[in-house]
Structures are given as structure tokens and as C-alpha cells.
Amino acid sequence: MNIYFFIDESGLDDKSKILVIGLVILDNPAVIRTKIELLKDDILHDPVSRTIPDLKNKLKRKGFHYCEDHFEVKNQFIELIPSLSFQAYMCFAEKSNVKKSEYKELYKKLFGRLLFDRIRANRHENIHIVFERTIEKEKNIVNLINGVVDDINKSHRKKVSSSPIITCSGKEEPVLSIADYVCGIFKDHYENLLKSGNRERRNFDKIRGRVRVIHNFLTDEFYTRKNLFP
């Protein structure tokens, strides 16, 4: 069976309180890709949306992107998410005790831990891993993924059936926007936990049904459907 991992992150900037790596798993990206493209087409042809400055150019050029989308666009994409068939997994860490010079190493640790658990759990499947193209990622992520597979094979009697197929994609891949939004929604929710009745909590509640595991890397706490994240 073919399954697909779409990976993104949020919080690499200096202002964010946490760094989070998100992974969404699905088995039919074509169906989800079509639904996302239909939403984009609806927004581009909506008379109200067309009055938003530069929306048409941004949406056509970059697709949906959580940190850049106008709030009207963001709301519509968040409303779409619960209707899509996928499972989301996240690994995060607070950055308060981490030096800026250590962000890259922290990224590797979060990425490796998240991938280790998910590849091991799906080791009998044909895994396709998709991540967004940047110079930094192209240099390192393939080696990280291959290292994770090697670690699993060395530490477990049952080996990974076949090496994952790795794809470095650009903004033209709509399904990556789900991983991007899941990370962004969770980060904003986490950073506003002390506020009551806030929009960030409502947004997270809308995607909560698609989130299977959230792992706090530094405390080794796991939040699941039986132990819900606040």
C-alpha cells in the first residue's frame, strides 16, 4: 500500500516561542489536491475576495500559506481541513532554553524523532515523503531521512520493507499547505494558551479531530486522543 507523508514546520523565526515539525499522512493525495484547488478557484472568482489587495497574485503564485494568507482566505482553508481525510502528527519544543545558534540542531532532532516514530509504525508500507523545496532542506533532509531508516533497521528486528521515496516539491504542491496550516494553527494556539475564548483556540479545535499525536520533545510528553492537548 502507498502512503504519503507531507512535512512542514513553523517557528524558525526569532519571535516564535516554539519550533514545531508537522507531518500529515494520507493515502490519496489526488483527492485532497483536487479539493484544495477547487477552494482556490472559488476564492479567486469570489467578488468579495477579489477586492483584497494582491490576493490573486499571491494565491496563484504561492498557493495557500498560513503565515501569509489574508484572514478571509485563512478562515476558508481552516473550514476545509476537517472535511479532508488525513492524520496529523507533530513534534515540538519550546525555544526559551535553546540558543539561536542551536535552532538548526533542534530542527534535526525534532524532524528525526517524528520521522522515526512514523516510519517505524508504517514500515511495511510504501512510504512517499514530500517536503517543501529550499536550499537548506535539499542539502540535509534526504540524509536525515536515510539516517532515520538506518536507525530503525539497526534497532529493530523487523526492518523497513523498502526505502521511502523522497520528493522535494515547490509551492505547486497543494497538499503541503495542510502540513503548513496544521503547524501554524498549533503554534499560534500554543502561544495563546493563557487567553480564554481566543480565535487561535477555536481554530485548533476545528482541526483537533485530525491530530493523532503531539509530542513535546523536551519533556517527552505525548498528547493523544486519550490525553488531549489543552
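Residues numbered from 1 in each chain as written. Predicted model: local features only at pLDDT ≥ 70, side-chain atom pairs only at ≥ 80, totals over all residues. Heavy atoms only, no water.

What to know about the overall build of the protein
Looking only at helices and strands, one finds seven helices and seven strands in the protein. Going from the N terminus to the C terminus, the protein shows its helices and strands as β-β-α-α-α-β-α-β-α-β-α-α-β-β. For 230 residues, the compact-globule estimate of 2.2 N^0.38 gives 17 Å, and the C-alpha radius of gyration of the protein, at 18 Å, lies within 12% of that figure. Split into buried and exposed, the 230 residues of the protein put 50% on the buried side. Considering only residue pairs separated by 6 or more positions, the protein has 73% of its internal contacts joining residues 24 or more positions apart. About 12100 Å² of surface is accessible on the protein, with carbon and sulfur atoms providing 49% of the total. When the 41 positive and 33 negative side-chain charges of the protein are each reduced to one mean point, those points stand 3 Å apart. (Helix = DSSP H or I, 4+ residues; strand = E, 2+ residues; numbered from the N terminus. Rg over C-alpha atoms; globule rule 2.2 N^0.38 Å. Buried < 20%, exposed > 50% of the residue type's maximum accessible area, 1.4 Å probe, protein only. Contact = heavy atoms within 4.5 Å. Areas by Shrake-Rupley, 256 points an atom, 1.4 Å probe, with all protein chains shown as cover. Lys, Arg positive; Asp, Glu negative; His and termini not counted. Charge placed at Lys NZ, Arg CZ, Asp CG, Glu CD.)

Focus: the environment of Lys 95
Note on placement: Lys 95 falls in the loop between strand E3 (87–94) and helix H4 (103–121). Here the alpha-carbon distance between Lys 95 and Ile 18, two residues 77 residues apart in the chain, equals 5.2 Å. Contacts of Lys 95, omitting those with residues within four sequence positions, involve Gly 11, Leu 12, Asp 13, Ser 16, Lys 17, Ile 18, Leu 19 and Tyr 103. Here Asp 13 takes part through its backbone oxygen, which lies 2.6 Å from a polar atom of the side chain of Lys 95. (Polar contact = N/O pair within 3.5 Å; in protein donor to acceptor, adjacent residues only side chain to side chain.)

Brief notes about the packing of helix H6 (residues 176–190) against helix H7 (residues 199–207)
Where H6 meets H7, the closest approach of the two axes is 8 Å, and the angle between their N-to-C directions is 135°. Looking at the two axes, H6 sits oblique to H7. Seen along the crossing, H6 lies across H7 with a hand that is left-handed. Facing Val 182, Ile 185, Phe 186, Asp 188 and His 189 of H6, the residues of H7 in contact are Glu 200, Arg 201, Asn 203, Phe 204 and Ile 207. The residue inventory of the contact of H6 with H7, partitioned by class, reads five nonpolar, two polar and three charged. (Axes fitted to C-alpha atoms, helices over the stretch in contact; angles between N-to-C directions. Parallel < 35°, antiparallel > 145°, perpendicular 65-115°, else oblique. Left-handed = near helix turned anticlockwise from the far one by under 90°. Nonpolar A, V, L, I, M, F, W, Y, C, P; charged D, E, K, R; others polar.)

Quick look at the sheet that holds strand E2 (residues 18–26)
In spatial order, the strands read E5-E4-E1-E2-E3-E6-E7; together these seven strands make up an open sheet with mixed pairing. Taken across any chain shown, the strands that pair with only one partner, and hence form the sheet edges, are strand E5 (165–169) and strand E7 (221–223). The average undirected angle you get between the axes of adjacent strands in this sheet is 20°. (Pairing = 2+ DSSP bridges.)

Remarks on the nonpolar core
Residues Val 24, Phe 64, Phe 86, Ile 178, Phe 186 and Ile 214 are the most contacted members of the largest nonpolar core, which totals 43 residues. Counting residues per element, this core draws most heavily on H6, at nine residues. Non-local contacts of Val 24, meaning those with residues more than four positions away in its chain, are made with Tyr 4, Phe 5, Phe 6, Phe 86, Gln 87, Ala 88, Ile 178, Ala 179 and Val 182. Ranked by size, the runner-up nonpolar core spans 30 residues in total, among them Ile 3, Tyr 89, Phe 131 and Val 160. (Core = buried A, V, L, I, M, F, W, Y, C linked by side-chain atoms within 4.5 Å.)

Concerning the environment of His 65
Tracing the sequence through the fold places His 65 in the loop between helix H2 (55–62) and helix H3 (71–80). A C-alpha to C-alpha distance of 6.2 Å links His 65 and Ser 177, two positions 112 residues apart in sequence. Non-local contacts of His 65, meaning those with residues more than four positions away in its chain, are made with Lys 171, Asp 180 and Tyr 181.

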